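Here is what each chain is made of, one letter per residue.
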Amino acid sequence: GGGGGGGVAADADDAGAAAATGTGTGGGETKTTTTTNAFAVMMAASSGSPKSAAAGGGKGKGGKGMSGGSVVVGGATSNDAKAPQAPASAPWTRGLVDAALDPARSDGVLFFDDEIVVMRDKYPKASTHLLVLARDQTLAAGPTALTKAHAPLLTRMLAAGRKAAAEEAARARPGGIDTTTRMNTPPGSDVFKLGFHAKPSMPCLHLHVISQDLRGVGMKTRRHWSSFATGFFKLAREGMPLPVGWDPEEEEREMKMARLSCHKCGDGPFATFPKLTEHVSACDVAAAGERVDF
C-alpha cells in the first residue's frame, strides 16, 4: 500500500527529520547535513522569490500511468508539457514542489500528466496514503489559493485519487483482490477520505487520499494523528465552496489543542498516543468515509 515504492513526504516534520539525520527522499547514498531550525527555514522559504525550473527534462524514468505505460497528454508525451514555475524554498521543504515540477525523476509516482501528479506519501499515515499534487505552482499556498476557476482541477484531482486508491488498496492485500484475504488488513483500510490540511506544512497544493485505518508506519505522533483525525483535515468534494472559508491559523491552533480520541467510535480522550493506537487497532466500529471499488 502507501508504505512501498518510495514517495515524498507531505509533512514538514517528516521531511525535516530526514534532512536533520542526513537521509534524502529519493534513496541512494546517505549524506550528512547540518541540522537547522525547521521553523526558521520554513518562514524564510515562504518569503522567497519565485524561481523557474524545467519539468520532465534530462534522464530519469518516464511518466507512468496507474496501470503502467507512458502517459500521453493531448497527443504528446507528458515531458512535452509546459514547465510550471516554482517558488524558492529550502531543499528539504521542496519535496512536493520538485515532484510536481519533474515527476519523471521522483520516487513513488503512480501517474502524471500536465496538470496533476499522483504519488505515494513517503511516510504513510495509513495502510494506503496517496497524494494528488497540482502542478500549477501559483497554487503553492495550498487550498486557500483555490478559486471557482479551479473547480475542474479539483474534480480531476478527486477522480484520479479515487482511481489510484482502489488500485493501491487492492494491491496491498495479500493475494491481490481476493476477498478471503481482507481479514488480514487493518479495519478501515478499504474506506478512504480525500481532503486537504487546513494549513499545509509544505508548499504545493496536495490532496491527501488516506485509508481510515490510520495505522501507517508514518503515524507516530500526536500531531500526526490530530492532523488527520480532527476537523483540521478538510474533506474535499466536487462542488465544494471555493475559495475555502476557513482560517488556517485558527484551525492549526484548534488542532494542537485537540484531545486524543478514536476517529471511529469517538472514545477518549486517551492520556497517551500509544494508548490511543492500541484502542484504534482493536476498535470494530466501522470508519466513516468513501468505500473504493476493487
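Below you will find a few notes about this structure. (Residues numbered from 1 in each chain as written. Predicted model: local features only at pLDDT ≥ 70, side-chain atom pairs only at ≥ 80, totals over all residues. Heavy atoms only, no water.)

It is the contact of helix H5 (residues 222-229) with helix H6 (residues 248-257), at a shortest axis distance of 9 Å, that shows an interaxial angle of 125°. The angle between H5 and H6 falls in the class oblique. As H5 runs across H6, the sense of the crossing is right-handed. Across the interface between the two elements, Arg-223, Ser-226 and Ser-227 from H5 touch Glu-252, Met-255 and Lys-256 from H6. (Axes fitted to C-alpha atoms, helices over the stretch in contact; angles between N-to-C directions. Helix = DSSP H or I, 4+ residues; strand = E, 2+ residues; numbered from the N terminus. Parallel < 35°, antiparallel > 145°, perpendicular 65-115°, else oblique. Left-handed = near helix turned anticlockwise from the far one by under 90°. Contact = heavy atoms within 4.5 Å.)

Below, the discussion takes up the packing of aromatic side chains. A complete count under the given rule lists 1 aromatic pair for this structure. Summarising the aromatic geometry, the rings of Phe-228 and Phe-233 are spaced 5.5 Å apart at their centres and angled 45° between planes, so their arrangement reads as tilted. Each member of the pair, Phe-228 together with Phe-233, is buried. (Phe/Tyr/Trp six-rings, centres within 6.5 Å; stacked < 30°, edge-to-face > 60°. Buried < 20%, exposed > 50% of the residue type's maximum accessible area, 1.4 Å probe, protein only.)

To continue, consider the pairing of strand E9 (residues 206-211). Among the 6 residues in E9, 6 count as buried, and that is most of the element. Along E9, one buried face is formed by His-206, His-208 and Ile-210 and the opposite face, lined by Leu-207, Val-209 and Ser-211, is buried too. For strand E7 (residues 129-134) and E9, the ladder comprises 5 bridges, and the chain directions are antiparallel. Across the sheet, the residue bridging to Leu-131 is His-208, located in E9. Two elements, strand E8 (residues 191-197) and E9, share 4 bridges in a ladder whose sense is antiparallel. Bridging from a neighbouring strand, Phe-192 pairs with Ser-211 of E9. (Pairing = 2+ DSSP bridges.)

A few words now on the environment of Pro-243. Tracing the chain through its elements places Pro-243 in the loop between strand E10 (233-235) and H6. Sequence separation between Pro-243 and Ala-151 is 92 residues; the distance between their C-alpha atoms is 9.9 Å.

Within the secondary structure, Gln-212 is located in the loop between E9 and H5. Relative accessible area serves as the criterion here: at 2%, Gln-212 is assigned to the buried category. Within polar-contact distance, the side chain of Gln-212 engages the backbone oxygen of Ile-210 at 3.2 Å. Gln-212 has contacts with Pro-187, Gly-188, Val-191, Phe-192, Lys-193, His-263, Ala-287 and Ala-288, leaving out every residue within four places of it along the chain. (Polar contact = N/O pair within 3.5 Å; in protein donor to acceptor, adjacent residues only side chain to side chain.)

One turn of the α-helix equals 3.6 residues, which is why residues spaced by three or four share an orientation. By the burial criterion, the buried members of helix H7 (residues 273-282) are Phe-273, Leu-276, Thr-277, His-279 and Val-280. Around the axis of H7, the buried residues are gathered within 160° of arc, so they sit on the same side. Of the exposed residues in H7, those oriented more than 90 degrees away from the buried face are Pro-274, Glu-278 and Ala-282. On its buried face, H7 is in contact with H5. (Arc of directions from axis to C-beta.)

Turning to empty space enclosed by the protein, a few remarks are in order. Summed over all chains, the structure comprises 3 cavities of 30 Å³ or more. Size it by volume and the largest cavity reaches roughly 70 Å³. Considered class by class, the residues forming the lining of the largest cavity number 3 nonpolar, 3 polar and 4 charged. (1 Å grid on protein atoms, 1.4 Å probe; cavity = no way out; pocket = protein on both sides within 12 Å on 5 of 7 lines; lining within 4 Å. Points joined across faces, edges and corners; volume = space filled by probe spheres on them. Nonpolar A, V, L, I, M, F, W, Y, C, P; charged D, E, K, R; others polar.)

A few words now on the pattern of salt bridges. As a working rule, side chains carrying opposite charge can pair if their charged atoms are close by. All told, the structure shown has 14 salt bridges when counted by the stated rule. When the shortest N-O distance is used, the salt bridge between Arg-162 and Glu-290 registers 2.8 Å. On the criterion of sequence distance, the pair formed by Arg-162 in helix H4 (residues 151-172) and Glu-290 in strand E11 (residues 290-291) is long-range, its members being 128 residues apart. Note on Arg-162: relative accessible area 27%, which makes it partly exposed. Taken together, the shared-partner salt bridges connect Lys-199, Arg-223, Glu-249 and Glu-252 into one network. (Salt bridge = Lys/Arg side-chain N within 4 Å of Asp/Glu carboxyl O.)

What follows is about the pairing of E8. Among the 7 residues in E8, 6 count as buried, and that is most of the element. Two elements, E8 and E11, share 2 bridges in a ladder whose sense is antiparallel. Bridge pairing links Phe-192 to Glu-290 in E11. The sheet contact formed by E8 and E10 spans 3 bridges and is antiparallel. Within the sheet, the bridge partner assigned to Gly-195 lies in E10 and is Leu-235.

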